[in-house]
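These are the residues of each chain, in order.
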Amino acid sequence: MQYQYQYQHQQQAAESSSWGYYVPAVRGMIGSDPLERVVRLASESAVVIFSISSCCMCHAVKSLFCGMGVNPTVYELDQDPTGKEIERALMRLLGNYSSPVPVVFIGGKLIGAMDRVMASHINGTLVPLLKEAGALWL
């Protein structure tokens, strides 16, 4: 796997990582509505995780997907100049969660925070969602 840096329409491969794709701040998006940005970013890949690099629950959800053979696109909000605004937009989407990360989108649809992802994994609905989104082929 490789990190991919995406600046507008250009993509450049960088160093190897155990996560899917890390995408840093994208130039030209500062100033756009954070909620619109979340929706746009969430729809660009089969699996999108909004994360904070030091968050243990974020690490756990990234490990879950990578262990299943999924290559999520990961947005590390602590490395994005608009990360705090995106966190607030995620909190609005999630409702009254104390922590806005990790937040997972599959096929552009909001799955939710770690509790919803784990519940879907345990009850057997996560794999069909991943297959439907094209993130798993088995």
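In the block above lies the structure referred to throughout.
Residues numbered from 1 in each chain as written. Predicted model: local features only at pLDDT ≥ 70, side-chain atom pairs only at ≥ 80, totals over all residues. Heavy atoms only, no water.

### Examining helix 1 (residues 34-42)
The condition is simple: Throughout, exposure labels follow a simple rule: accessible area from a 1.4 Å probe, protein chains only, divided by the maximum for the residue type, with under 20% read as buried, over 50% as exposed, and the rest as partly exposed. Only DSSP runs of H or I reaching four residues or more are called helices, and only runs of E reaching two or more are called strands; each is numbered from the N terminus. This arc is built from the directions going out from the helix axis to the C-beta atoms. Two residues qualify as a contact provided that any one of their heavy atoms is within 4.5 Å of a heavy atom in the partner residue.
Looking at helix 1, one finds that the buried residues are Arg37, Val38, Leu41 and Ala42. One side of helix 1 holds all its buried residues, which, seen down the axis, span an arc of 125 degrees. Of the exposed residues in helix 1, those oriented more than 90 degrees away from the buried face are Glu36 and Val39. Of the surrounding elements, those touching the buried residues of helix 1 are strand 4 (47-51), strand 5 (73-76), helix 3 (83-94) and strand 6 (103-106).

### Considerations on the packing of helix 2 (residues 56-67) against helix 4 (residues 114-123)
Defined as follows: Fitting a line to C-alpha atoms yields each axis, with helices limited to the stretch in contact; the angle taken between N-to-C directions then spans 0 to 180 degrees. Put simply, angles under 35 degrees are roughly parallel, angles over 145 are roughly antiparallel, angles from 65 to 115 are roughly perpendicular, and the rest are oblique. Crossing chirality is assigned from the near helix's rotation relative to the far helix, an anticlockwise turn below a right angle marking it left-handed and a clockwise turn marking it right-handed.
Here helix 2 crosses helix 4 at 30 degrees, and the two axes come no closer than 11 Å. As far as their axial angle goes, helix 4 and helix 2 are roughly parallel. Of the two possible hands of crossing, helix 2 and helix 4 adopt the one that is left-handed. Contacts between helix 2 and helix 4 involve Met57, Ala60, Val61, Leu64 and Phe65 from the first element and Met114, Val117, Met118 and His121 from the second.

### Some points on the state of the cysteines
The condition that has to hold: We call a pair of cysteine sulfur atoms a disulfide whenever their separation is within 2.5 Å.
A complete count under the given rule lists zero disulfides for this structure. In this structure cysteine 56 is a free cysteine whose sulfur lies 5.5 Å from that of cysteine 55, the closest cysteine sulfur available. On the accessibility criterion, cysteine 56 (59% relative accessible area) is exposed.

### Focus: the environment of serine 54
As for its placement among the helices and strands, serine 54 is situated in the loop between strand 4 and helix 2. Note: C-alpha distance between serine 54 and glutamate 76 (22 residues apart in sequence) is 9.4 Å.

### Brief notes about the packing of aromatic side chains
Filter applied, for reference: Under the pairing criterion, centres of Phe, Tyr and Trp rings, with the six-membered ring standing for Trp, must be within 6.5 Å; the plane angle then separates stacked pairs below 30 degrees from edge-to-face pairs above 60, leaving the rest tilted.
Enumeration according to the criterion identifies two aromatic pairs in this entry. Ring plane angle 20 degrees and centroid distance 5.4 Å describe the contact between phenylalanine 50 and tyrosine 75, whose orientation is recorded as stacked. With phenylalanine 50 in strand 4 and tyrosine 75 in strand 5, this residue pair connects regions lying 25 residues apart in the sequence. The pair phenylalanine 50 / tyrosine 75 is uniform in exposure class, with both members buried. A ring pair is formed by phenylalanine 50 and phenylalanine 105, whose centres lie 5.8 Å apart and whose planes are at 80 degrees; its orientation type is edge-to-face. Here phenylalanine 105 lies in strand 6 and phenylalanine 50 lies in strand 4, a separation of 55 residues in the sequence. Counting every residue linked through ring pairs, the aromatic cluster contains Phe50, Tyr75 and Phe105.

### Observations concerning the pairing of strand 5
For clarity, the threshold we go by: Strand pairing follows a simple DSSP-based rule, namely that at least 2 bridges must link the two strands. Handedness of a crossover is defined as follows: orient the strands so they point away from the viewer, and if the path from the first strand over the helix to the second runs clockwise, the crossover is right-handed.
Side chains of strand 5 alternate between two faces, with Thr73 and Tyr75 and Val74 and Glu76 buried alike. For strand 4 and strand 5, the ladder comprises four bridges, and the chain directions are parallel. In the sheet register, serine 51 faces strand 5, and the bridge partner there is glutamate 76. For the crossover that starts at strand 4, traverses helix 2 and ends in the parallel strand 5, the hand is right-handed.

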